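Close look at the chain arrangement
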Amino acid sequence: MVGIVIVSHSRQLAEGIRELAAQMVQGKVPLAIAGGIDDPENRLGTDTMQVYQAIASVYSEDGVVVLMDLGSALMSAEMALEFLPEEQRYRVYLCEAPLVEGAIAAAVASAAENNIEQVIAEARGALAAKAAQLGGGANLTDYPKNTTLHFLNLPEQLSVSSSKEQPTTNEEQQTKEIRLTIRNQLGLHARPAAKFVATAARFQSQIRVRNLTRDSEAVRADSINQVAILGVRQGHEIAIAAQGEDADGALAALQVLVEANFGEDDAVLKSRSAAQTEATPPFKGELSGIPASPGVAIAPVFLYHPTSIQVQEYYVEDAEAEWQRFQAAVQTAQQEIQALRQTTQISENEAAIFDAHLLFLADPALIDPVRQHIFEQRQNAEFAWQTVIDELVAAYRKLEDAYMQQRANDVVDVGQRVLRSLVGITLNTLDLPQPSILVATELTPSDTAQLDPTKVLGICTTLGSATSHSAILARTLGIPAVVGVKPEALNWNNGTLIALDGEIGKVWVKPQPDTIAALQAKREAWQAGQQQALAKAQAPAVTRDGRQVNVCANIGRITDAQLALEYGAEGVGLLRTEFIYLDRTTAPTEEEQLAVYQAIAQTLDTRPLIIRTLDVGGDKPLPYLGLPPETNSFLGWRGIRFCLDQPDIFKTQLRAILRASPGHQIKVMFPMIATVAEVQRAKAILAKAQTELRQTGIAFDQAMEVGIMVEVPSAVAIADQLAAEVDFFSIGTNDLTQYIMAADRTNPRVAKLADALHPSVVRMIHQTVQAAHKADIWVGLCGELAADPLATPILLGLGLDEFSLSFQAIPALKQAINQLTVAEAEAIAQAAMKLDDAAKVRASVSALQKKTRERKPTSSDVG
Ligand code: PEP
Ligand code: MG
């Protein structure tokens, strides 16, 4: 089937066109888009690598038609062709057809299994169809009726004839004709025309159709443009003529389609105006929204109206007391957020959303104006705070970047939390009487994080977006969600049965039995799929040619350990211990830490548990430890540097780790190592802790492995020297990338630069692996890169022994490893190191992965 690529300056436009075209052909045609650019300041533009990737993702021997909007889109598309291998390039056509009409016409023609010339012809004819329909310049006579297709710009060998040419050899065959009246409301508009064409294209016969009411000429029934040009409206009579072996079948199929009103329900259409006055929505109670979290739910409505605190202004006499009251409220809010972060059943990655909330509360741009309002205008704290929050929310909502706009919801969340604390009310806990679908205007991340997936089977909101933190949390919790549905959803009564499909973004009110049955089947298939994926994830990650790698989880809370095992983790490759130190005013004691390490070790039993010693500083401030604010905190007093200067805090942690070790496979790991001396000093403090324990007869694992994180470029350069000091390396690509590229990992403006698939980072990973293996120690990787699907073959090909990543990404990683061979992975890794740009690495891996997917495994691959 011919693939279609839509190139536009606007990603939204490209996505919209893809959706429209995909709907016409029920998703049958490979469609890809390249839209917008990755520049937060100006998202409009086109990117050659994106176009290349889009082409590669839909490429097949049948060819690809690329449709573009204007200007640089053409240039990007032309340049993208340069990246394609010679033998593929001539099968990819840049088509001058109008973007929207052309994409739809091309998709319909491709779905009808036309060859590439016919697909291009359909795309090119699309504007003529529209013009004729509007009574404009083009008309039927302008449009090529000759069915032999010759196109300018096509290589000679591809200028061929249609497979269903006009009768020449079978003239003796009788032409059969039927006449039908079109009854659906909008006539043969785009969607019915697409169905008509798709049906006609299933038959070998030559089928032509004419509009008798307009006395038009007959046109090909397998051309979306020609059918659309007929201008068939409700009540028009059409004649369909078919000639060929299967003429009877073709006419019968088209008759059924027309008589079924192309699947449109005219009863609903007729009663639409009446239905609009009712609370239930039109079209059989079906509402469309934005798909925000996949899965299906069928359950009664539970309407949730979070109490929004109304604030009154009043004059305060004692500004200092009011300021103190405000600060106490902020502190309470901070403690609540810390608690929420630690107790909710979400992974460390998603819990980090609440770190952003904590940062809001420490932001002088938010706190200082409140102080001013209180001291200078003598405003009460509630009013001062609400005023500042409202201004910030408005500023976020004005931003052009849709993702950044969604951050307004986080500000509202934090704002309400402080207000609740100021006025002394606690957050509504959602007490659902029965498993339900939660219907609300919008949920805050705090609301969502606390949802119980056994009670909240689905979420339906009238505001929100798929990139909001609430949507991210819903996906993590596995709760299907549709957001952005019409506000009438808020009029539904509690207990009304509704159904939602979070994959396609649809909600049904009082669904019909057939809808329920279909959705129930989909829900069961979805649940079975999830179970299957989790069951499969319990198997080891072994390449097709038999190489096994260890797959572990990165965790930052006790509760993550059990979840990690359920998702197929074979151990913990990185326990970030910072969480034990947060939300307190003094450092945790040895006993407190021991309890945490023991709890996690017990869950893991004898599986590996790598405990990383405290890595504060940088983006992880901790006020009570006396870490001063630093101009360049990432280059400052953080990780092992801090611990070596605070040996008591460090030794307390090491003692707790050692004491938890008996009977388990605990390993200790030092972060931010830049020099050999740092490792030696850290090991000396560890040895001291061991001696103390020995002297007091406290048991510990004498053979506990000691490792370091390789996340500073100097560590890569002296990896051979460091390898002589330790039992293992774990590469921290989050920090390593920011230091190699000199691009702050928290600064979105340089995020593109801090891509861990930049060849410079890939080469450094390679060097580290080589040095480790030469010294006979194992090497893992625990940066976010381990969860990046495009990195999997590269990391495997570089010889990594262990991947450690967020547990939710484990099933997909194992599956990807199972599909590769070491030789394939090595080839991909070698190729990546020769490129000069991260985008090129991504494009090349994506193209190679596609090829690998298409390649069927043979028995010779195994063993
Ligand atoms: C890293 O730097 O890659 C890493 C895993 O550590 P963190 O993200 O905690 O700094
Ligand atoms: Mg790090």
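Attention in this report is confined to the structure presented alongside it. (Residues numbered from 1 in each chain as written. Chains lettered and ligands numbered in written order. Predicted model: local features only at pLDDT ≥ 70, side-chain atom pairs only at ≥ 80, totals over all residues. Heavy atoms only, no water.)

Now for the pattern of salt bridges. In the structure shown here, the tally under the stated rule is 29 salt bridges. In this structure, Lys667 engages Glu705 in a salt bridge whose closest nitrogen and oxygen atoms are separated by 3.5 Å. Of this pair, Lys667 sits in strand E21 (residues 665-670) while Glu705 sits in the loop between helix H28 (676-695) and strand E22 (706-710); the two residues are 38 residues apart in sequence, bridging distant segments of the chain. Looking at Glu705, the relative accessible area reads 25%, which means it is partly exposed. Among the charged side chains, a network of salt bridges with common partners joins Glu590, Glu591, Lys651, Arg655, Arg659 and Glu692. (Salt bridge = Lys/Arg side-chain N within 4 Å of Asp/Glu carboxyl O. Helix = DSSP H or I, 4+ residues; strand = E, 2+ residues; numbered from the N terminus. Buried < 20%, exposed > 50% of the residue type's maximum accessible area, 1.4 Å probe, protein only.)

Taken in spatial order, the four strands line up as E2-E1-E3-E4 in an open sheet, and their pairing is parallel. If you trace the sheet from one side to the other, it starts and ends with strand E2 (31-35) and strand E4 (92-95), each paired once. Adjacent strand axes in the sheet meet at a mean angle of 20° when their direction is disregarded. Bridging between strand E3 (residues 64-68) and E4 involves four bridges; their strand directions are parallel. Of the residues in E4, the one forming a bridge with Val66 is Leu94. Sheet contacts for helix H1 (residues 11-24): strand E1 (3-8) and E2; angle to E2, the most-contacted strand, approximately 165°. (Pairing = 2+ DSSP bridges. Axes fitted to C-alpha atoms, helices over the stretch in contact; angles between N-to-C directions. Contact = heavy atoms within 4.5 Å.)

Moving on, we get to the coordination of the magnesium ion (ligand 2). For the magnesium ion (ligand 2), the full set of protein donor atoms is Glu711 (OE) and Asp735 (OD), and the range of their distances to it is 2.0 to 2.1 Å. Here Glu711 is found in the loop between E22 and helix H29 (713-717), whereas its partner Asp735 is found in helix H31 (residues 733-741), with 24 residues between them in sequence. (Donors = N, O, S within 2.8 Å, 3.2 Å for Na, K, Ca; no water.)

Let us look at the site of ligand 1. Within the structure, ligand 1 sits among 15 residues, and Arg576, Glu711, Gly732, Asn734 and Arg745 are positioned closest to it. Here Glu711 contributes a side-chain N or O atom positioned 3.0 Å from an oxygen atom of ligand 1. One of the backbone nitrogen or oxygen atoms of Gly732 is found 3.3 Å away from an oxygen atom of ligand 1. The fraction of the free accessible surface of ligand 1 (290 Å²) that becomes covered by protein chains is 99%. Those elements that place two or more of their residues in the shell around ligand 1 are strand E19 (572-576) and H31. It is H31 that provides the largest number of residues to the shell around ligand 1, a total of three residues. Among the residues making up the shell around ligand 1, the classes are represented as three nonpolar, four polar and eight charged. (Near = heavy atom within 4 Å. Polar contact = N/O pair within 3.5 Å; in protein donor to acceptor, adjacent residues only side chain to side chain. Areas by Shrake-Rupley, 256 points an atom, 1.4 Å probe, with all protein chains shown as cover. Nonpolar A, V, L, I, M, F, W, Y, C, P; charged D, E, K, R; others polar.)

Nothing here speaks to function; it is geometry throughout.
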